[in-house]
Amino acid sequence: MTDLETFSVIRRNTIKKNWWTPDNPTNDFVMNNLSAEFMAGIRGTMYQPADFIRLKDLTLSYDFPLTLIQKIGFSSFRLYATGRNLLTFTKWRGLDPELDTQDGTPLQKEYVFGLSLGF
């Protein structure tokens, strides 16, 4: 069975699941069945810690020496690089531990490179 065969919220997410089956009696996830999470009529909630450490923003820049840049007619000359959402350290098995549901789109990695000149 695949994750698309049921439509319960816990099954529509992007976590690759180790479903319980008679041949695979695991405790990771309940049987892939729409009503499998109900035990004696009470819904059992799947819980997984979403602790994480994230390197969110990092900027590196270099200002060229004034003695060098004045010779070529500039008052300032800076190169820089910025990265966003570079690394996430977590045991969370979904896309992103910050998402309120795993149906959404995770944060994108972004890279910006630039040059700042002053005349």
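Reference entry: report on the structure contained in this document. Computed from a predicted model, the values in this text were never measured in an experiment.

1. A word on the overall build of the protein chain
Now for step 1: Helix and strand counts for the protein chain stand at 1 helix and 7 strands.
Now for step 2: Order of helices (α) and strands (β) in the protein chain, N terminus to C terminus: β-β-β-β-β-α-β-β.
Now for step 3: Long-range pairs, those at least 24 residues apart, make up 57% of the contacts in the protein chain between residues at least 6 apart in sequence.
Now for step 4: Of the roughly 9,000 Å² of accessible surface on the protein chain, a fraction of 60% belongs to carbon and sulfur atoms.

2. Brief notes about a nonpolar patch on the surface
Now for step 1: Taken together, the side chains of Ile 53, Leu 55, Leu 58, Leu 60, Leu 87 and Phe 89 define a hydrophobic patch exposed on the protein surface, amounting to about 580 Å² of accessible area.
Now for step 2: For the nonpolar patch, the elements supplying multiple residues, two or more each, are β5 (52-63) and β6 (76-90).
Now for step 3: With 4 residues, β5 is the largest single contributor of residues to the nonpolar patch.
Now for step 4: Mapped onto the elements, Leu 58 comes out in strand β5.

3. Comments concerning the pattern of salt bridges
Now for step 1: Summed over all chains, the structure comprises 4 salt bridges.
Now for step 2: Here Arg 54 ties to Asp 96 by a salt bridge, and the two come within 3.0 Å at their closest N and O atoms. With Arg 54 in strand β5 and Asp 96 in the loop between β6 and β7 (110-118), the pair connects residues that are 42 residues apart, well separated along the chain. For the residue pair Arg 54 and Asp 96, the accessibility class agrees, reading buried in each case.
Now for step 3: The shortest N-O distance in the salt bridge between Asp 57 and Arg 84 comes to 3.4 Å. Residue Asp 57 is found in strand β5, and its partner Arg 84 is found in strand β6; the two are separated by 27 residues along the sequence.
Now for step 4: A cluster of three or more residues bridged by salt bridges with shared partners is formed by Asp 57, Arg 84 and Glu 110.

4. Some thoughts on the environment of Gly 73
Now for step 1: Mapped onto the elements of the fold, Gly 73 is located in the loop between α1 (66-70) and β6.
Now for step 2: A sequence separation of 45 residues divides Gly 73 from Gly 118, and the C-alpha atoms of the two residues are 9.1 Å apart.

5. Considering the sheet that holds β5
Now for step 1: Reading across the sheet, the 3 strands line up as β5-β6-β7 and stay open at both edges, with antiparallel pairing between neighbours. At either end of the open sheet lies a strand with only one pairing partner, and these are β5 and β7. Each strand axis lies, on average, 15° off the axis of its neighbour in the sheet, ignoring direction.
Now for step 2: Bridge count between β6 and β7: 9 bridges; the pairing is antiparallel. Note that in β7 the partner of Ala 81 across the bridge is Phe 113.

Basis of the calculations
- Residues numbered from 1 in each chain as written.
- Predicted model: local features only at pLDDT ≥ 70, side-chain atom pairs only at ≥ 80, totals over all residues.
- Heavy atoms only, no water.
- Helix = DSSP H or I, 4+ residues; strand = E, 2+ residues; numbered from the N terminus.
- Contact = heavy atoms within 4.5 Å.
- Areas by Shrake-Rupley, 256 points an atom, 1.4 Å probe, with all protein chains shown as cover.
- Patch = residues over 30% accessible without salt bridge, like charges linked within 9 Å, V, L, I, M, F, W, Y side chains within 5 Å.
- Salt bridge = Lys/Arg side-chain N within 4 Å of Asp/Glu carboxyl O.
- Buried < 20%, exposed > 50% of the residue type's maximum accessible area, 1.4 Å probe, protein only.
- Pairing = 2+ DSSP bridges.
- Axes fitted to C-alpha atoms, helices over the stretch in contact; angles between N-to-C directions.

Everything listed here is a matter of geometry and, on its own, says nothing about what the molecule does.
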